[in-house]
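# Architecture and fold: a report
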Amino acid sequence: MRQEEQKTAGKVSLDDLFQRIQEGEIKDLNIVVKADVQGSIEALRQSLEKIKNDEVKVVVVHAGVGAITESDVMLASASNALVIGFNVRPDANARKVAETEKVDIRMYRVIYDALNDVEAAIRGMLAPKFKEVILGRVEVRQVIRINKMIIAGCYVLEGKVTNNGKVRVVRDGIVIHEGEIDSLRRFKDDVKEVQQGFECGMTLENFADIHENDQFEIFNMEEVAVE
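An account of the accompanying structure is given in this report. Treat the numbers as computed from the prediction; the structure is a model and nothing was measured.

Moving on, we come to the nonpolar core. Considering soluble globular proteins, one finds that nonpolar side chains tend to be buried as a cluster. Leu17, Leu29, Ile31, Leu48 and Ile122 are the most contacted members of the largest nonpolar core, which totals 25 residues. Elements with a minimum of two residues in this core: helix H2 (17–22), strand S1 (28–35), helix H3 (38–49), strand S2 (57–65), strand S3 (81–86) and helix H6 (111–122). A per-element tally of this core places H6 first, with 5 residues. Setting aside chain neighbours within four positions, we find Leu29 in contact with Val12, Leu17, Val56, Lys57, Val58, Val59, Leu82, Val118 and Ile122. By size, the runner-up hydrophobic cluster in this structure holds 21 residues, among which are Leu135, Val140, Phe207 and Ile210.

Right, dumping it as structure tokens:
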């Protein structure tokens, strides 16, 4: 256990980056970048590498298109890097490995937010007001069309679905929509939540481009208490 603690204790995180820089532990801030399209990668890489600081240099050690994979996380672990994802999500294996290896994965929908967080962390001014809490993950097993309504026949893979949660639609690791749940049903009944291992029907607000095998991430944003 001690070896594991020693192995993960030195991993870089945006949360303690400023302190590590001040203590002289970090001279290069290594970053692995994954994004939905090549254009986003180039914009992120160029902008990140333009961030100037006398004590630390931002280095993009790897950049690629598509979901964040186990190999991305292992590379980040080996090079003591952060992983920044733009409009992409980690697959199941990547999430598990990141937890084990203590790799900090940050995901964004706006490039400016990613750059702002990195710059703020370098200057010791990163103060998140909200954090994302994943409630559950579901898989679309069937798409049902009734009149003009598109219903996603889903199976809850992890956690739970709540009717007041936010939903992120992920297809092949790429985020294609974020929004609200319109309705959540078990058989013909409207319900407040559905737990792991059960099936449910879902409709989404203002979004109907649902395919079989899409993954829905159900999440909430919680306010972070200021110490």
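From this point on, the discussion continues.
The tally for this structure, following the rule as stated, stands at 22 salt bridges. With its nearest N and O atoms 3.6 Å apart, the salt bridge here joins Lys160 to Glu193. With Lys160 in strand S6 (residues 149–162) and Glu193 in strand S10 (residues 193–195), this residue pair connects regions lying 33 residues apart in the sequence. The partner of Asp190 in a salt bridge is Arg185, with the nearest N and O atoms 3.1 Å apart. Residue Asp190 is classed as exposed on the basis of its relative accessible area, which comes to 56%. The class of Arg185 is partly exposed, set by a relative accessible area of 39%.

Let's shift gears to the environment of Asp182. Mapped onto the elements of the fold, Asp182 is located in strand S8 (residues 174–186). Look at Asp182 and you get partly exposed, because its relative accessible area is 49%. Sequence separation between Asp182 and Asp214 is 32 residues, and the spatial gap between their C-alpha atoms is 17 Å. Apart from residues no more than four positions distant in its own chain, Asp182 is found in contact with Thr203, Leu204 and Glu205.

Definitions and limits used
Residues numbered from 1 in each chain as written. Predicted model: local features only at pLDDT ≥ 70, side-chain atom pairs only at ≥ 80, totals over all residues. Heavy atoms only, no water. Core = buried A, V, L, I, M, F, W, Y, C linked by side-chain atoms within 4.5 Å. Buried < 20%, exposed > 50% of the residue type's maximum accessible area, 1.4 Å probe, protein only. Helix = DSSP H or I, 4+ residues; strand = E, 2+ residues; numbered from the N terminus. Contact = heavy atoms within 4.5 Å. Salt bridge = Lys/Arg side-chain N within 4 Å of Asp/Glu carboxyl O.

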